[in-house]
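Working through the structure, step by step
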Amino acid sequence: MGDDTRASDARRQGYDGTGAGAITPDGCAVEVWSRLPAGDAPDVIAAAVPPGASLLELGCGVGRMTHPLVDRGFAVTAVDESAEMLARVRPGVRTVRSPIERLDLGERFDVVLLASFLVHAGDAAVRQGLLETCRRHVAEDGCVLVQREGEDWHRNVPRESPIGTDGAVRILSATSVGDGVNSVHAQYEFPDGTWTQTFLSRPLTRAAFEQALADAGLRVETYLTEDRTWVRARPLG
């Protein structure tokens, strides 16, 4: 297991969380993320890349997508800044603790994965750092998979979605804090507890998203899903 000693458990500015158990620097409750299903994301990823590819997963959390991808035969290196999250990744998976925007493994991978809407980081400099990390670690003939927010994600509030058979997530509000950034407040409710997360998110038009990739040396090759929330990008020549 790798460990970036510069990684910090201090809460990022504008991010917070409440509820039982560990809360990560970006306000995520480890217990909640241990309960969230992977959904169809592993299928989307597996269909978009070569079988058995080496894969760098940025922001792996507790291994929600890591484990299905390993089970499908991918050689996954899982990165997260939270030691509590990484502690729940199954033994045998290569893990690295580091803030994504500072990661430099000196390696290249067939696939780099930036999921969980991380590309919408409120701080534009952090967003660019995330994308530059993707570019720094992808093989020249490899690809970067990015998960974007839905185009009405910030307008369709409040809204509620089920989590499994007994839980629910509610996006309660998305309030402008200036400079094109919203403060989003989410609530996760289960029979045994309630957790909240507040985080900063920058809505991106398709043009703004593609420009951010280009600024980091990447180009959109194709949108993988009809709603354009999953994207495959390639290094610029």
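See the structure above.
Scope of this entry: the structure provided in the associated data block. Worth saying up front: this structure is predicted, and the values here are computed from it rather than measured.

**Some words on the nonpolar core**
Ranked by size, the top nonpolar core spans 27 residues in total, and within it L58, V144 and F209 carry the most contacts. The leading source of residues in this core is helix 5 (residues 124–137), at four residues. Core analysis: the next-biggest nonpolar cluster, separate from the first, contains 20 residues, A29, W33, V62 and I171 among them.

**Re the packing of aromatic side chains**
Going through the model one piece at a time under the given rule, you end up with three aromatic pairs. Between F117 and W153, the ring centres sit 6.1 Å apart and the planes meet at 65 degrees, which makes this aromatic pair edge-to-face. Pair noted here: F117 is in the loop between strand 6 (109–114) and helix 5 and W153 is in the loop between strand 7 (138–147) and strand 8 (159–163), with a separation of 36 residues, a long-range link. The exposure class of F117 is partly exposed, given its relative accessible area of 28%. Pairing W153 with F199 gives two aromatic rings, centres 6.4 Å apart and planes at 50 degrees, and the pair type is tilted.

**A closer look at the side chain of R97**
Its location among the elements puts R97 in strand 5 (residues 94–97). Under the relative-accessibility criterion, R97 is labelled buried at 13%. In this structure the side chain of R97 is engaged in a polar contact, spanning 3.2 Å, whose partner is the backbone oxygen of E81.

**A look at the pattern of salt bridges**
Across all of its chains, the model carries 18 salt bridges by this definition. E140 is the partner of R135 in a salt bridge, and the nearest nitrogen-oxygen pair spans 3.2 Å. Its relative accessible area of 17% is what places R135 among the buried residues.

**A look at helix 2 (residues 41–48)**
When we look at burial in helix 2, the residues that qualify are A41, P42, V44, I45 and A48. On an axial view of helix 2, the arc spanned by its buried residues comes to 160 degrees, and they lie on one face. In this structure, the buried side of helix 2 is in contact with strand 3 (54–58), helix 3 (66–71), strand 6, strand 7 and strand 13 (230–235).

**Topic: unusual backbone geometry**
What you tend to see is this: most non-glycine residues have negative phi, and most peptide bonds are trans. With an omega of -5 degrees, the peptide bond between V157 and P158 qualifies as cis. Looking at the element boundaries, P158 is found in the loop between strand 7 and strand 8. Of note in the backbone geometry, F117 takes a positive phi value of approximately 60 degrees without being a glycine.

**A look at the environment of E57**
Along the chain, E57 turns up in strand 3. Judged by relative accessible area, which is 2%, E57 ranks as buried. As for E57 and V112, which are separated by 55 residues in sequence, their C-alpha atoms are 6.1 Å apart. Apart from residues lying up to four places away in sequence, E57 is in contact with M65, T66, V76, T77, A78, V79 and L113. A polar atom in the side chain of E57 sits 2.5 Å from the side chain of T66.

**Comments concerning the pairing of strand 11 (residues 193–201)**
Here three bridges tie strand 2 (residues 16–18) to strand 11, and the two strands are oriented antiparallel to one another. Within strand 11, the residue paired with G17 across the bridge is Q197. Pairing of strand 10 (residues 181–190) with strand 11 involves nine bridges; the strand directions are antiparallel. Bridging from a neighbouring strand, Y188 pairs with W195 of strand 11. What sits between the antiparallel neighbours strand 10 and strand 11 is a turn of two residues.

**A short note on the packing of helix 5 against helix 6 (residues 206–215)**
To describe two helices that pack against each other, one gives the angle between their axes and the distance between the axes. Two elements in contact, helix 5 and helix 6, have axes separated by 9 Å at closest approach and are oriented at 60 degrees. One finds that helix 5 runs oblique with respect to helix 6. Considering the relative orientation of helix 5 and helix 6, their crossing is right-handed. In this structure, helix 5 contributes R127, Q128 and L131 to the contact, and helix 6 contributes A212, L213 and D215. Within the contact of helix 5 with helix 6, the residues separate by chemical class into three nonpolar, one polar and two charged.

Cut-off values and rules
Residues numbered from 1 in each chain as written. Predicted model: local features only at pLDDT ≥ 70, side-chain atom pairs only at ≥ 80, totals over all residues. Heavy atoms only, no water. Core = buried A, V, L, I, M, F, W, Y, C linked by side-chain atoms within 4.5 Å. Buried < 20%, exposed > 50% of the residue type's maximum accessible area, 1.4 Å probe, protein only. Helix = DSSP H or I, 4+ residues; strand = E, 2+ residues; numbered from the N terminus. Phe/Tyr/Trp six-rings, centres within 6.5 Å; stacked < 30°, edge-to-face > 60°. Polar contact = N/O pair within 3.5 Å; in protein donor to acceptor, adjacent residues only side chain to side chain. Salt bridge = Lys/Arg side-chain N within 4 Å of Asp/Glu carboxyl O. Arc of directions from axis to C-beta. Contact = heavy atoms within 4.5 Å. Pairing = 2+ DSSP bridges. Axes fitted to C-alpha atoms, helices over the stretch in contact; angles between N-to-C directions. Parallel < 35°, antiparallel > 145°, perpendicular 65-115°, else oblique. Left-handed = near helix turned anticlockwise from the far one by under 90°. Nonpolar A, V, L, I, M, F, W, Y, C, P; charged D, E, K, R; others polar.

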